[in-house]
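Results of the structural survey
Spelled out, the chains give:
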Amino acid sequence: MTDGIYGAYAFEYLKKGYSPVPLPKGQKTPPPTGWTGEHAEMASGPDVQAWIEENADRNIGLRLPEGVIGIDVDDYNGKGGGQSVIDAIEEFGRLPLLGRLTSRDDAISGIRLFRIPKGVKLAGTFAGAGLGPSVEIIQYFHRYAVAPGSIHPDTKKPYRWIPATGHPDRFPGVDELPELPEVWLTALMPKVAPKRDDVPHEAYDKMDDAGKKSADRYVDKVVEGLVTSMEAMKGWPESFRATDLVRLSYVQAAGADDRDKGLGLIRERASSGCFR
């Protein structure tokens, strides 16, 4: 049986490089157990065929592959995602856009897709990167997108792909997606949580032994994640080197004033290509 949304479109999304999973008819959740999240496998042809035979009329969730992100902007019902993006564009420059995935009627809400280096994990939200509210960052380990053709549970309207001016009116494959600019990649890195890295060294020195061990374990975890990201940057353009991530981690570990100044300097220098 191939009638229905999943049956009609799932293989198309699989060929484009995404992992199409069935969602309940007319709903956004839940996805099938074990097929989303950091350690889940990407769906294969036999997986999709088996789901079609059982779930042809379902909605479709698109788990993004590693190296692809979706910037999901909510700008409805008083949510301020649009202003958050405007503020970010003023600071980091315009984004290369193919279009957006949405079920809303406003001109802003929706998901914009980009490629990033594999192995790099960004913040889960703009707020997690120190930016504005109501914008999430969909990644292979965090959330999934609802595919065009699916029906939104609240609006009862279909999700659709709205192309940017001059671009084809079809949902893009992974290899067609634009690269996220380097300055944005830096800006969307997660901020270090306010533990040892955000307090003066004098405060750390006053901690008891248990507190120091806890803080040190946290710092070790941050460093391990930094090294992983640095290794993944080897194939990225020369203008964004591992040294940039070292600088970023350093200013994040400083006090609030130094961190803000340092982040601004990194973004300014990255946008002008000074890290070559």
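Residues numbered from 1 in each chain as written. Predicted model: local features only at pLDDT ≥ 70, side-chain atom pairs only at ≥ 80, totals over all residues. Heavy atoms only, no water.

1. A closer look at the side chain of Lys 16
- Residue placement: Lys 16 occurs in the loop between α1 (5–15) and β1 (19–23).
- Nearest to the buried, unbridged Lys 16 among oppositely charged side chains is Glu 12, at 4.5 Å.
- Here Phe 171 takes part through its backbone oxygen, which lies 2.8 Å from a polar atom of the side chain of Lys 16.
- Filtering out sequence-adjacent residues up to four positions away, Lys 16 remains in contact with Arg 170, Phe 171, Pro 172, Gly 173 and Val 174. (Helix = DSSP H or I, 4+ residues; strand = E, 2+ residues; numbered from the N terminus. Buried < 20%, exposed > 50% of the residue type's maximum accessible area, 1.4 Å probe, protein only. Lys, Arg positive; Asp, Glu negative; His and termini not counted. Salt bridge = Lys/Arg side-chain N within 4 Å of Asp/Glu carboxyl O. Polar contact = N/O pair within 3.5 Å; in protein donor to acceptor, adjacent residues only side chain to side chain. Contact = heavy atoms within 4.5 Å.)

2. With respect to the sheet that holds β1
- Spatially, the three strands line up as an open sheet ordered β1-β2-β7, and their pairing is antiparallel. Strands with a single pairing partner mark the edges of an open sheet, and in this sheet they are β1 and β7 (145–146).
- Lying on the sheet, α1 is in contact with β1 and β2 (59–63); it crosses β2 at an angle near 20 degrees. (Pairing = 2+ DSSP bridges. Axes fitted to C-alpha atoms, helices over the stretch in contact; angles between N-to-C directions.)

3. Remarks on the packing of α1 against helix α2 (residues 45–55)
- Across the interface, α1 lies against α2 with an axial gap of 9 Å and an inter-helix angle of 170 degrees. Relative to α2, α1 is oriented roughly antiparallel. Along its contact with α1, which presents Tyr 6, Gly 7, Ala 10, Phe 11 and Leu 14, the element α2 presents Gly 45, Val 48, Gln 49, Trp 51, Ile 52 and Asn 55.
- When its residues are assigned to classes, the contact of α1 with α2 shows seven nonpolar, four polar and no charged. (Parallel < 35°, antiparallel > 145°, perpendicular 65-115°, else oblique. Nonpolar A, V, L, I, M, F, W, Y, C, P; charged D, E, K, R; others polar.)

4. Considering the side chain of Thr 102
- For Thr 102, the position within the fold is in strand β4 (residues 99–102).
- One polar contact links the side chain of Thr 102 to the main-chain amide nitrogen of Arg 104, over a distance of 2.9 Å.
- Setting aside anything within four residues of it in sequence, one finds Thr 102 in contact with Ser 109, Gly 110, Pro 158, Tyr 159, Arg 160 and Ile 162.

5. Regarding the confidence of the model for the protein chain
- Taken over all residues, the pLDDT of the protein chain has a mean of 81, while the share at 70 or more is 70%.
- Across residues 193–200, where pLDDT falls below 50, the model places 19 contacts with residues more than four positions away in sequence or in other chains.
- Confidence drops under a pLDDT of 50 for residues 269–276, and excluding neighbours within four residues, the segment shows 12 contacts in the predicted structure. (pLDDT = per-residue confidence, 0-100.)

6. Focus: the nonpolar core
- Membership of the largest hydrophobic core comes to 31 residues, with the highest contact counts inside it found for Tyr 18, Leu 62, Leu 113 and Phe 171.
- Of all the secondary-structure elements, those providing two or more residues to this core are α1, β1, α2, β2, β5 (110–115) and β7.
- For this core, the leading source of residues is α1, giving five residues.
- The contacts of Leu 113, once residues within four sequence positions are left out, are Tyr 18, Leu 64, Ile 69, Gly 70, Trp 161, Phe 171, Leu 177 and Pro 178.
- Counting 24 residues, the second largest nonpolar core, distinct from the first, contains Val 85, Leu 122, Ala 123 and Phe 126. (Core = buried A, V, L, I, M, F, W, Y, C linked by side-chain atoms within 4.5 Å.)

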